Amino acid sequence: MSCPVLSAARWRLRMRRTAWLQGRRMQKFRDVLSRWNGGDLSMMEAGELLGMSERQFRRYRDRYEEAGEAGLLDRRLGKISTRRVPAEALEEMLELYRHRYLGWNVKHFHEHLLRDHNFSWGYTFIKTQLHAAGLVERAKRRGAHRRKRERKPCEGMMLHQAGSRHAWLESQPMLDLIVTLDDATSTIYSAFLIEEEGTASSLQGLLETFVAKGLPSSLYTDRGSHYFVTLKAGEAVDKSRLTQVGRALRHLGIEHIAAYSPEARRSERMFSTLQDRLPKELALAGIADIQAANHFIAQTYLPAHNARFARPATVEDSAFVAADPQQLAQILCIEEERVVARDNTVAFARLRLQLPHSPIRHHFVKATVKIRHYPDGTLAVFHGPRCIARYMPDGAAIQEPRCTGKAA
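Everything in this summary refers to the structure shown in the same document.

Quick notes on the rules
Residues numbered from 1 in each chain as written. Predicted model: local features only at pLDDT ≥ 70, side-chain atom pairs only at ≥ 80, totals over all residues. Heavy atoms only, no water. Helix = DSSP H or I, 4+ residues; strand = E, 2+ residues; numbered from the N terminus. Buried < 20%, exposed > 50% of the residue type's maximum accessible area, 1.4 Å probe, protein only. Contact = heavy atoms within 4.5 Å. Areas by Shrake-Rupley, 256 points an atom, 1.4 Å probe, with all protein chains shown as cover. Pairing = 2+ DSSP bridges. Salt bridge = Lys/Arg side-chain N within 4 Å of Asp/Glu carboxyl O. Right-handed = clockwise from strand over helix to strand, strands pointing away. Phe/Tyr/Trp six-rings, centres within 6.5 Å; stacked < 30°, edge-to-face > 60°. Lys NZ or Arg CZ within 6 Å of the ring centre and 35° of its normal.

1. A few points about the overall build of the protein chain
- When helices and strands are tallied, the protein chain shows eleven helices and twelve strands.
- Among the 408 residues that make up the protein chain, the fraction classed as buried is 39%.
- Taking as baseline every contact in the protein chain between residues at least 6 positions apart, the subset at least 24 positions apart corresponds to 59%.
- Summed over all atoms, the accessible surface of the protein chain reaches about 23800 Å², with 50% contributed by carbon and sulfur.

Have a look at this one:
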């Protein structure tokens, strides 16, 4: 059965109900009018019993005396509203949902109707029509209310970072979406897809955010092994033993806070929205690979998402502290110590990095050096504060290494 037929049937049922209610109101008016005529009620009391003003009751009394019950009839009964949506437009909306937006939540669908299809109807009307057509299930009744943790008063006081594994790209394997957002405003500063969440992806998200916004006061994350060391499952994290992320945050003076329940993380609530909307937006744009998806997320999706869901902070101030991007790049990376082998090479991640000739010494055999693995995949070897070699992700040497910062 098509929706216009359902709408007409529903309209006829509503008219019958309205006529019945008007009959009841007419009977009550006659009873109150009789009591007023008998002197049992004042004009004001009669109006209060009928839910109207004294002046309105006087109008009804005069109309009843002039034309009887016909004078009190609602003249709109039996007439179709001039604001009624045409059946053709209603069917067009339903066809759009069936063939292009099937599975989208009503709010998301309504936003696209307004933006892309020049529909001007309200959200509640659209939801009612989709329910009536059986295209969208009615939401289940919510459980008991739980008090949410209060947001920080201004941006930059606390950031959240987390990853969510989901089928983000149509007909592609599961991927992780790494998101870094602000607690005060829910603004997403960084979001990108990666094959698997880990230390490198966490540092990449932090680097993108810190370069764009500055250093926050604190970072709130789960207790994943790339964030914290937990000696025994279920117990508190060991903050004396730092991961690569923990080392970088301590170096920058940023407090690292561990979450002990998923409900406490604002990012978890955000992911439910992202999992519902982002895959549909990517599919609608015809995107099927990670590189194109990340470009779309950064350039198209995030601005629209933040405009829709971000909220102003309670205090119009910022706790972010500006930082030098070059220094940040030297800190927000994986850093490990190595001892140079007898053939003047360094072993790292299944690579054998050949150190080049150096004007400062004949060789670095048995010297302790630091290897930095940057979020873009490149590597650098430092001896003290000096950068002595740089490499591509595959271990190929980059000529003329530049020292872009001191060793941590």
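That covers the picture; the talk isn't over yet.
2. Section: the sheet that holds strand β6 (residues 334-339)
- In spatial order, the strands read β6-β9-β10-β11-β12; together these five strands make up an open sheet with antiparallel pairing. Taken across any chain shown, the strands that pair with only one partner, and hence form the sheet edges, are β6 and β12 (397-398).
- Pairing analysis gives two bridges linking strand β11 (residues 386-391) to β12, with the strands arranged antiparallel. Its bridge partner lying in β12, R390 is registered against I398.

3. Describing the pattern of salt bridges
- Under the counting rule described, the total for this entry stands at twelve salt bridges.
- Across the pair R98 and E91 runs a salt bridge whose closest N-O atoms are separated by 3.5 Å.
- Residue classification places E91 among the partly exposed positions, given a relative accessible area of 24%.
- The partner of R165 in a salt bridge is D176, and the shortest N-O contact between them spans 3.3 Å. Placement of R165 in strand β1 (residues 159-166) and of D176 in strand β2 (residues 175-182) is noted, with a sequence separation of eleven residues between them.
- Overall, the relative accessible area of 44% leaves R165 in the partly exposed class.
- Residue classification places D176 among the buried residues on the basis of a relative accessible area of 6%.
- Salt bridges here are not isolated pairs; linked through shared partners, they connect E91, E95 and R98.

4. Some words on the pairing of strand β5 (residues 255-258)
- In the sheet, strand β4 (residues 218-221) pairs with β5 via four bridges, with the strands oriented parallel. By the bridge assignment for β5, T221 is matched with A258.
- The parallel pair β4 and β5 is bridged by helix α8 (residues 244-252), and the resulting crossover is right-handed.

5. Topic: the packing of aromatic side chains
- This model, assessed by the stated rule, comprises ten aromatic pairs.
- Between F29 and F57, the ring centres sit 6.0 Å apart and the planes meet at 55°, which makes this aromatic pair tilted. Residue F29 is located in helix α1 (residues 3-37), and its partner F57 is located in helix α3 (residues 54-67); the two are separated by 28 residues in the primary sequence.
- F29 gets classed as buried once you look at its relative accessible area, which sits at 4%.
- Put simply, the rings of F29, W36, F57, Y60 and Y64 touch in pairs and so form one group of aromatic residues.
- Positioned over the ring face of F309 is R308, at 4.7 Å from the centre of the ring.
- A cation over an aromatic ring shows up here: R372 above the ring of F382, its NZ or CZ 4.1 Å from the ring centre.

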